[in-house]
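Structure at a glance
Each chain is listed here by its residues.
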Amino acid sequence: MATRKSARKPIPKCQLCGRPSASVICEACGAKVRAEAMRRKQQIEKGGRTDTGRR
Ligand SMILES: [Zn+2]
């Protein structure tokens, strides 16, 4: 019988770089993701998807 005294705490890891981190995404990757998301958004807005005509 295994005693459940030493409960192992699941160490959160960064989902992107796999390093132990306080949250799912470490700060470094978080900044990266954010920057990329912003860039994408800007590109989409700039991309000229004119949604006019339908109301
Ligand atoms: Zn990371």
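Residues numbered from 1 in each chain as written. Predicted model: local features only at pLDDT ≥ 70, side-chain atom pairs only at ≥ 80, totals over all residues.

Thoughts on the overall build of the chain
Per the secondary structure count, the chain includes one helix and zero strands. Within the chain, buried positions represent 2% of all 55 residues. (Helix = DSSP H or I, 4+ residues; strand = E, 2+ residues; numbered from the N terminus. Buried ≥ 20, exposed ≤ 12 C-beta atoms within 10 Å, placed from the backbone.)

Observations regarding helix 1 (residues 27-46)
With 20 residues, helix 1 extends 28 Å from end C-alpha to end C-alpha; this agrees with the ideal 28 Å at 1.5 Å per step. Taking burial as the measure, the 20 residues of helix 1 include zero buried ones, a minor fraction of the element. (Expected span 1.5 Å × (residues − 1).)

Examining the environment of Ala28
Here Ala28 is to be found in helix 1. By C-beta crowding, Ala28 is classed as partly exposed, having 13 other C-beta atoms within 10 Å. A sequence separation of 12 residues divides Ala28 from Leu16, and the C-alpha atoms of the two residues are 9.9 Å apart.

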